[in-house]
Amino acid sequence: RLARVHAGLFFDRKGEHDKAAAQADPILAIDPDNPGGLYLKGEGLLQAGKLEEARKAMQSAVDGEPEAIYLDGQGRAAEASWAATSDPQFKALAIRAYERSARTGPGRRRRAS
């Protein structure tokens with residue numbers, strides 16, 4: 001399980017989002033609450049444009065383990081939702097998530113494209 005999380009994060013860093021997201025289901029089949037698996041699932045959903053589901057998966061990852069990378073993912077999902085809907089609640093969520101990510105420590109951060 002841990003090896004799959006690391007593999008998924010490796011693929012995600014390299015921009016191979018399909019390979020990263022493919023690690024989520026095997027991880028979550030063994031441990032449905034695994035923050036790494038939830039994050040990878042959220043990345044796949046975000047790439048697929050399933051913004052509500054992506055936000056939920058990212059929130060679950062953050063609830064399980066509020067690491068910078070998961071908070072960054074939560075911010076990107078909220079930012080994409082704000083761009084799609086102009087709903088200010090998503091802008092506020094994105095800002096809070098990015099601020100928490102910055103305070104939490106080093107990690108890979110990237111903006112939604």
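The shown structure was predicted, so the numbers you read here are calculated from the model rather than taken from an experiment. (Residues numbered from 1 in each chain as written. Predicted model: local features only at pLDDT ≥ 70, side-chain atom pairs only at ≥ 80, totals over all residues. Heavy atoms only, no water.)

Caption draft 1: Here's a closer look at the overall build of the protein. Across its full length, the protein holds 7 helices and 0 strands. Along the protein, helices and strands appear, N-terminal first, in the series α-α-α-α-α-α-α. For 113 residues, the compact-globule estimate of 2.2 N^0.38 gives 13 Å, and the protein sits close to it at 13 Å. Counting only C-alpha atoms and orienting by the principal axes, one finds that the protein spans roughly 35 × 30 × 25 Å. Taking all 113 residues of the protein together, the buried fraction comes to 43%. Relative to all contacts within the protein whose residues are 6 or more apart in sequence, the contacts with residues 24 or more apart total 50%. (Helix = DSSP H or I, 4+ residues; strand = E, 2+ residues; numbered from the N terminus. Rg over C-alpha atoms; globule rule 2.2 N^0.38 Å. Buried < 20%, exposed > 50% of the residue type's maximum accessible area, 1.4 Å probe, protein only. Contact = heavy atoms within 4.5 Å.)

Caption draft 2: Representation of unusual backbone geometry in the model. Despite not being glycine, serine 86 shows a phi value in the positive range, around 60°. Residue class for serine 86 comes out exposed when judged on its relative accessible area of 57%.

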